[in-house]
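Here is what each chain is made of, one letter per residue.
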Amino acid sequence: MPQTILITGGAGFIGSNLIRYILEERDERVINLDALTYAGNLESLADLRGNPRYEFVHADICEPDKYAEALGRADCVLHLAAESHVDRSIHDPSAFLHTNIVGTQLLLDAWRRKENPGRFVYVSTDEVYGTLPLEPTSLKFTEQTPLSPNSPYAVSKTGGDMLARAYHHTYGLDTVITRCSNNFGPYQFPEKVIPLFVNNLIEGKPVPLYGEGKNVRDWLHVLDHCEAICAVLDKGGTGEAYNIGGDNERSNLELTRMLLDLCGRDESFIKRVPDRLGHDLRYAIDASKIRDELGWRPTRSAWPDALEATVEWYKQNRTWCDHVRSGEYRRFYEQNYGPGA
Ligand code: NAD
Ligand code: TYD
């Protein structure tokens, strides 16, 4: 009998890719629990309406009464729901602390109180480790690197990460943590750098590059991340944490130049803007633990091909992009799930 996986944040970028990945590649049923904040977009999953293995539950993780029934039917949890954008957290941290720390605690608590709770995977981030210098390039985050988050977003994710760890240590809950680098791919909200820049360039607008563009990120295709989350669900050690990364470090200037090229624009489209406050210089992941212990490795992340395919997706899916940028996507829930739908 296939199991039921409860995925929180399934209407977001990674969550929607993860749901489609599980329905296509595996045989479990999926419950998508999402509050539909500005980042939640059910249009990304429009093709799954009516799929007997897929169900949407509209609920906030901070309100456990609203999802107790759904939790009761689930065999395991993949917890992705979060406020996720660093710049928003710099502007106002409060929603980040509420959802990412308090919400995670309430979800963990509801989970541990149910009968025979199964595995709970907390999808954390490499940003919990803080930042690295540009040199030496051999220096990367390992699972032993002390957690040293710098932005309010990273602090809030660290709080959730440490709660998942504590619920294992204190209550014996079967929690596992994943810490992944920057993801790219389809259905990403265009406030994050790749979809923001691609959409601007398609529309003939400049791209706002922070500072000198020297900051480095390690880019991984979202489906490689989904595969890693599933490997951790299936084979990860209880109470363990696993780094996930693509060995694909690029400076923001290098990324921007590649996007300009793929969109047929020249460097006059770069608009230098003041740097992000407290901007982490470099993220780089040592993913040898998940590679050696669970046999996972990225297969879809190689640039330039994977980046080109992603740019092509945004070029081909103008309706999805236009609805996000106009706000039209927020009406999808009422139109398709509301009264009379
Ligand atoms: P996203 O912002 O695209 O999606 C977040 C989803 O969570 C949205 O659907 C939103 O409606 C939902 N949500 C927010 N608050 C909620 C609440 N209180 N209750 C229920 N649902 C709520 O984020 P993403 O980029 O898909 O990231 C998913 C997870 O992966 C996050 O936990 C993030 O920290 C982590 N992560 C992201 C990246 C990345 O590059 N995007 C890298 C590593 C880890
Ligand atoms: P982002 O996509 O916000 O992810 P994160 O902050 O989690 O790494 O940003 C990726 C990099 O791109 C980061 O170094 C900041 C930079 N950036 C810009 O230069 N301009 C922008 O408009 C944005 C959103 C990001």
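Once a new chain begins, its residue numbering starts again from 1 and follows that chain's sequence as written. Just so you know, chain letters begin at A and ligand numbers begin at 1, following the order they were written in. Local features in this predicted model are restricted to residues of pLDDT 70 or higher, and side-chain atom pairs are both shown and tallied only at a pLDDT of 80 or more, whereas totals for entire chains, interfaces and linings draw on every residue. Processing note: side-chain calculations cover all non-hydrogen atoms of the structure and skip hydrogens and water entirely.

Focus on the overall build of the protein chain
Point 1. A tally of helices and strands in the protein chain yields 12 helices and 13 strands.
Point 2. Within these notes, the globule rule equals 2.2 Å times the number of residues to the 0.38 power, and the radius of gyration is based on C-alpha atoms. Taken over the C-alpha trace, the protein chain has a radius of gyration of 19 Å; the compact-globule value for 341 residues is 20 Å, and the two agree within 12%.
Point 3. Relative accessible area decides the class of each residue, using a 1.4 Å probe on protein chains only: under 20% of the type maximum gives buried, over 50% gives exposed, and in between gives partly exposed. Relative to its 341 residues, the protein chain shows a buried fraction of 55%.
Point 4. The contacts in the protein chain between residues at least 6 apart in sequence include a share of 81% that link residues at least 24 apart.
Point 5. Positive charges come from Lys and Arg alone, negative charges from Asp and Glu alone, with His and the N- and C-terminal ends not counted. Lys charges are placed at NZ, Arg charges at CZ, Asp charges at CG and Glu charges at CD. Across the protein chain, the mean location of the 37 positive side-chain charges is 1 Å away from that of the 49 negative side-chain charges. Numbering of helices and strands runs from the N terminus, with a helix taken as a DSSP run of H or I at least four residues long and a strand as a DSSP run of E at least two residues long. By definition, residues are in contact when any of their heavy atoms lie within 4.5 Å.

So, the side chain of asparagine 32
Point 1. Considering the arrangement of structural elements, one finds asparagine 32 in strand β2 (residues 29–34).
Point 2. Accessibility expressed as a relative area gives 0% for asparagine 32, which makes it buried.

Brief notes about the environment of alanine 59
Point 1. As for its position among the elements, alanine 59 is in the loop between β3 (54–58) and α2 (68–72).
Point 2. Residues in contact with alanine 59, not counting those within four places in the same chain, are Leu33, Asp34, Ala35, Lys66 and Tyr67.

Here we look at the site of ligand 1
Point 1. Taken together, 28 residues sit near ligand 1, with Ile14, Asp34, Ser84, Tyr153 and Lys157 positioned nearest.
Point 2. Between ligand 1 and threonine 37, the relevant distance is 3.1 Å, taken from an oxygen atom to a main-chain nitrogen or oxygen of the residue.
Point 3. Identification of polar contacts relies on pairs of N or O atoms within 3.5 Å, with a donor-acceptor requirement for protein atoms, meaning one able to donate a hydrogen and the other able to accept it, and with residues adjacent in sequence counted only if both atoms are side-chain atoms. The contact in question runs from an oxygen atom of ligand 1 to an N or O atom on the side chain of lysine 157, over 2.6 Å.
Point 4. Method for areas: the Shrake-Rupley scheme with a 1.4 Å probe, in which residue coverage is limited to the protein chains shown. Here ligand 1 loses 96% of its free accessible area of 830 Å² to cover by the protein chains.
Point 5. Residue assignment for the shell around ligand 1 shows that the elements contributing at least two residues are α1 (13–25), β5 (120–125) and α5 (152–171).
Point 6. Ranked by the residues each element gives to the shell around ligand 1, the list is headed by β5, at three residues.
Point 7. Along the lines of polarity and charge, the residues of the shell around ligand 1 split into 14 nonpolar, 11 polar and three charged. The rule for a residue being near a molecule or strand is that one of its heavy atoms must lie within 4 Å of it. For this classification, Asp, Glu, Lys and Arg are treated as charged, while Ala, Val, Leu, Ile, Met, Phe, Trp, Tyr, Cys and Pro are nonpolar and the rest, including Gly, are polar.

Focus on the site of ligand 2
Point 1. Taken together, 19 residues surround ligand 2, and among them Glu127, Pro208, Arg217, Arg276 and His279 come closest.
Point 2. Between an oxygen atom of ligand 2 and a side-chain N or O atom of asparagine 252, the distance comes to 2.8 Å.
Point 3. For ligand 2, the accessible surface in isolation is 510 Å², of which the surrounding protein chains cover 96%.
Point 4. Mapped by element, the contributors of at least two residues to the shell around ligand 2 are α3 (86–91), α6 (193–202) and β8 (207–210).
Point 5. Here the shell around ligand 2 is composed, by residue class, of eight nonpolar, five polar and six charged.

Some points on the sheet that holds strand β6 (residues 175–180)
In any sheet, the strands associate via hydrogen bonds between backbone groups, in a parallel or an antiparallel arrangement.
Point 1. Pairing is parallel across the open sheet formed by seven strands, whose spatial order is β3-β2-β1-β4-β5-β6-β11. Where the open sheet ends on each side, the last strands, each with one partner, are β3 and β11 (241–244). Each adjacent strand pair in this sheet contributes to an overall mean axis angle of 20°, direction not counted.
Point 2. By the bridge criterion, four bridges tie β6 to β11 in an arrangement that is parallel. Each residue of the ladder has a partner; that of arginine 179, found in β11, is asparagine 243. Any two strands with at least two DSSP bridges between them are considered paired. In this analysis, axes come from line fits to C-alpha atoms, helices being fitted only over the stretch in contact, and the angle between any two N-to-C directions falls in the range 0 to 180 degrees.

Some details on the pattern of salt bridges
Point 1. The term salt bridge refers to a pairing of a side-chain nitrogen on Lys or Arg with a carboxyl oxygen on Asp or Glu at a separation within 4 Å. Under the counting rule described, the total for this entry stands at 25 salt bridges.
Point 2. Here glutamate 203 and lysine 205 are joined by a salt bridge, their closest N and O atoms 2.8 Å apart.
Point 3. Among the residues examined, lysine 205 registers a relative accessible area of 39% and is labelled partly exposed.
Point 4. Across the pair glutamate 240 and lysine 289 runs a salt bridge, and its minimum N-O distance is 2.6 Å.

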